Each structure stands twice: as structure tokens, then as C-alpha cells.
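Each chain, letter by letter, is given below.
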Amino acid sequence: MSDKNVDTIKEVKVAFIGFGNSARRLAEMLIEKESEIANKYKVKISCTAIATARHASVISKEKIDLSIALAQVKAGNSLKDLPEIEIVTDTFQAIKQSHADIIIETTLLSIQNGEPARSHIEEALRAGKHVVTANKGPLAFAADELTKLAEKQNCLLRYESTMMDGTPVFNLVRYTLPLVKINRIKGIVNSTTNFILTEMEAGRDFQTSLIEAQRRGIAEADASLDIDGWDAAAKASVLANCLMNAKITPMDVFRKGIASIKQEEILNAQKADKKIRLVMQIERNKEGVKAEVLPMEIDKDDIFYNIDAFSNILLLETDLMGTLAIIEQNPELTQTAYGLLSDLLSVINDRFTL
């Protein structure tokens, strides 16, 4: 058989900066879908670095076996015990020395300034590495700067999993809505507050509903970012910056959370055939782009009325396509990880396929 008839498989190297739940689920997907990725994209994805806060940070000149790494972390063991690795002191060293083509950034959100994820992404882009992230912080505080840096370095920056657990929002606009201008965005985008308010409608008080959300793993032990509206404000900033060319931060978003909502208010809304939900609104006007997050009463004939528990919704009001609704129902960890995978494959398709 002629060599011309043999498909060439190209190796693409990735580094995990952050190895929490979504990153580990992505690692599982890369193992599960290895043959499909090779067949469709003619690439083999190899991991050359994993940086964690609890399980050490390591790099490899060859590759890290993701199956072994996942087993080590699941058992609560250090990644230092992996074969043929080198231990590094911090995330930035892992980025620099990883020899990775693509950095997968999934560290925790900082609502104050988007750090250290913002600096992770800057470091990667300056080194000529493409970036896929699930972290809202960098885009909420520095979307314009990071996008320009990526363009200057001829690198791709993708961030689908920053919104609605990877449900296509940014890719929908990027790939299917050329020349469309988005004038207004409205949504319910925080599952924790949505779940708490749904529980309160069933007669439970705020504190009991919060505890149940924490028990189910929906809410963190410190749920203040969700309850006080900071998470939704960060998402509003990302949407405004990335879809409407704004330059705002979560600090610029008018914000009111749900902590002060009483059971009586919930019951009164029900009697009037209404529901209370934490709603995010972004609007373009003559002065620029303004955003707010606050509890609102939803009428029974409103599309938002049936968005309960874990479901989210986003409305995009446009100049050429009217209003588009994006709804996700009861997302799980796999959806967030898939958002990362879809971005990773998008980068591979754009820059690495033969």
C-alpha cells in the first residue's frame, strides 16, 4: 500500500491547569473518545502537564497517562507518584515547561480580579499556546485585552464553558450568526438561586433550601457568590464583553441577590400566578452597555416562568434574527466538560487538522 493512502496522525499536546471536577470529566472524555477523535480529526491528544492545588503539579517530556492520573486523584494521592514526570513548583512553571500546544484552564473563579486565571491565560498566549477555559473571571475582567493578545500572538482563545455549562452560546454566535448585532440579553443563569427559589415555592424556608442545595452539591459551602448575585454578575460581564463588545466588570453590574427574599413574598407571587427568579439583563443604549442582576416577578405567560430548579435560559435579542432562546434543562458535569471538549476540538480543527 502506498504511503499516500495511509492517514497521518498528528500529536496535539495539552496541559491541564486546574484538575477539578470538570477537568477530570474532560480527561475521562478524552480517554472514552480517543479513537473517534483520531478517526475524525486525525490527531492524538497527549497530556504533558497537570497542575493542581492539592495533588501537586507535574510535567512530562513524553506524556502523562490520564487513566493513572485520574486514579491517583480519585484515591486522594499525589501526582508526584506518576511515572516519568517532573515536579514543578507552580502553575506558571507548568505552563512554561509543558511543551503543550493547548492550555486547558479551569482554576477557581476569583470575583475580585479574575486572578490567577487571567495571568495563566496571558502567560500561555504570550508563549504562543492556544487556550481553552471554563473560568469566567478572566473574560469578566479582561476579555478585550485577552482577545487582542490572542490575535497578536496568532492564538485561539475559547471559553464556551464559562456560560450555561457549555451549552453553545458563544459558538452559536461565532459560527452561525455573522453580521448579527445583539442589542439585549436577558436570562436566568444561576442554578443555585433558581433551585433555592423553586424549593421555597414548595414551602421550604430560605435556609432549609440552601442547605439542600449544598447537600446535593449544587451550592458551595460558602454560597455567597451565588446568593448575592456575583456569579450572575460575572456571567453578565462575560456576555456583555464577548457578545456586545463592552468593557465592563462585575463591579459595573447593578446587583441585588436573593438573601432578603421572604417566604411571604414567594407565596404572594404564587397567589398572583407569578414566580420570583434572579434575572440577569444586559442592554445596549446610547451611553454604552448596561447590565443588572436582580430578583424579578415572572408572569405566567412569560417563557421564564417554567425555568425551575437546575434549568437555565438565555434570550438574545438581535437586529437581524429577532429573539433567540437558548434553554438548558437539568445540566450535569458532563455538559460542562463537553463545552471544554467542543472548544478543544474547535481549536484542533482550526489549527491542527491536515
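1. Considering the packing of helix α8 (residues 191-201) against helix α12 (residues 263-271)
With their axes 9 Å apart at the nearest point, α8 and α12 run at an angle of 75° to one another. Considering the angle they form, α8 stands roughly perpendicular to α12. Counted together, L197, M200 and E201 of α8 and Q263, I266 and Q270 of α12 form the full contact between these two elements. A per-class count over the contact of α8 with α12 returns three nonpolar, two polar and one charged.

2. Observations concerning a nonpolar patch on the surface
A grouping of L179, L320 and M321 is seen on the molecular surface, where their side chains present a nonpolar patch of about 380 Å² in accessible area. With respect to the helices and strands, the residue L320 is situated in the loop between β12 (312-318) and β13 (323-328). The exposed category is assigned to L320, whose relative accessible area is 56%.

3. Considering helix α2 (residues 34-41)
I37, A38 and Y41 are the residues of α2 that are buried. Taken down its axis, α2 places every buried residue within 100° of arc, on the same side. Counted as exposed and oriented over 90 degrees from the buried face of α2: N39 and K40. Against α1 (21-32), β2 (43-51) and α13 (333-351) lie the buried residues of α2. One or two steps after α2, the chain reaches K42, where phi turns positive at roughly 60°.

4. Examining the environment of Y159
Mapped onto the fold, Y159 is located in the loop between β7 (157-158) and α7 (170-176). For Y159 and G229, which are 70 residues apart along the polypeptide, the C-alpha to C-alpha distance reads 21 Å.

5. Re the nonpolar core
I185, L239, L243, M280, I282 and L314 are the most contacted members of the largest nonpolar core, which totals 75 residues. In terms of residues, this core owes the most to one element, helix α11 (residues 230-243), which gives ten residues. Non-local contacts of I185, meaning those with residues more than four positions away in its chain, are made with L239, L243, M244, M280, Q281, I282, L314, L315 and L316. Counting residues in hydrophobic clusters, the runner-up holds 35 residues, among them L82, I104, V132 and V347.

6. Some words on the environment of I95
Mapped onto the elements of the fold, I95 is located in helix α4 (residues 91-97). The buried category is assigned to I95, whose relative accessible area is 0%. Sequence-wise, I95 and H55 are 40 residues apart; in three dimensions their C-alpha atoms are separated by 17 Å.

7. Points about unusual backbone geometry
A cis geometry characterises the amide bond from E115 onward to P116, with omega recorded as 0°. Considering the arrangement of structural elements, one finds P116 in the loop between β5 (102-105) and α5 (117-126). Positive phi outside glycine occurs at E84, with the angle close to 55°. Residue placement: E84 occurs in the loop between α3 (66-74) and β4 (86-88). Among the residues examined, E84 registers a relative accessible area of 66% and is labelled exposed.

8. Notes on the environment of K152
Mapped onto the fold, K152 is located in helix α6 (residues 136-152). Considering only alpha carbons, one finds K152 and A38, 114 residues apart in sequence, at a separation of 30 Å.

9. Focus on the packing of α1 against α13
The geometry of a pair of packed helices is captured by two quantities: the angle between their axes and the separation between those axes. The N-to-C vectors of α1 and α13 enclose an angle of 65°; their axes lie 8 Å apart at closest approach. Crossing angle aside, the handedness with which α1 passes α13 is right-handed. Every residue of α13 that contacts α1 at N21, S22, R25, L26, M29 and L30 is listed here: L333, T334, T336, A337, Y338, L340, L341 and L344. Class assignment for the residues of the contact of α1 with α13 results in nine nonpolar, four polar and one charged.

10. Some words on the sheet that holds β5
Taken in spatial order, the seven strands of this open sheet run β4-β3-β2-β1-β5-β6-β7, and their pairing is mixed. Of all strands in the sheet, those with a lone pairing partner are β4 and β7, marking the two edges. Pairing geometry for strand β1 (residues 10-17) and β5, over four bridges, is parallel. Looking at β5, one finds that A15 is bridged to I103.

What counts, and where the lines are drawn
Position numbers for residues start from 1 in each chain and track the written sequence from start to end. Under the rules for a predicted model, residues below a pLDDT of 70 receive no local features and side-chain atom pairs below 80 are neither given nor counted, while totals for whole chains, interfaces and linings still include all residues. Note: side-chain values were computed over all heavy atoms of the structure, leaving out hydrogens and water. The axes used here are C-alpha line fits, helices contributing only the stretch in contact, and every angle between their N-to-C directions lies in the interval 0 to 180 degrees. Helix and strand assignments come from DSSP, with helices taken as H or I runs of at least 4 residues and strands as E runs of at least 2, each series counted from the N terminus. An angle counts as roughly parallel when it lies under 35 degrees, as roughly antiparallel when it exceeds 145, as roughly perpendicular when it falls between 65 and 115, and as oblique in every other case. A contact between two residues is defined here by any heavy atoms of the two lying within 4.5 Å. Any residue that is not Ala, Val, Leu, Ile, Met, Phe, Trp, Tyr, Cys, Pro, Asp, Glu, Lys or Arg is counted as polar, Gly included; the first ten are nonpolar and the last four charged. Patches here: salt-bridge-free residues with over 30% relative accessible area, like charges joined within 9 Å, nonpolar side chains (Val, Leu, Ile, Met, Phe, Trp, Tyr) joined within 5 Å. Per-residue and other accessible areas were derived by the Shrake-Rupley procedure at a 1.4 Å probe size, with only the shown protein chains allowed to occlude residues. Salt bridge, as used here, is a side-chain nitrogen of Lys or Arg placed within 4 Å of a carboxyl oxygen of Asp or Glu. Exposure is judged per residue with a 1.4 Å probe applied to protein chains only, and the accessible area is read against the type maximum: over 50% gives exposed, under 20% gives buried, and values in between give partly exposed. Note: the arc covers the axis-to-C-beta directions of the helix. We define the nonpolar core as a collection of buried residues of types Ala, Val, Leu, Ile, Met, Phe, Trp, Tyr and Cys that are connected through side-chain atoms lying within 4.5 Å of one another. The crossing is said to be left-handed when, going from far helix to near helix, the turn is anticlockwise and less than a right angle, and right-handed when the turn is clockwise. In this scheme, strands are said to pair when DSSP sees at least two bridges between them.

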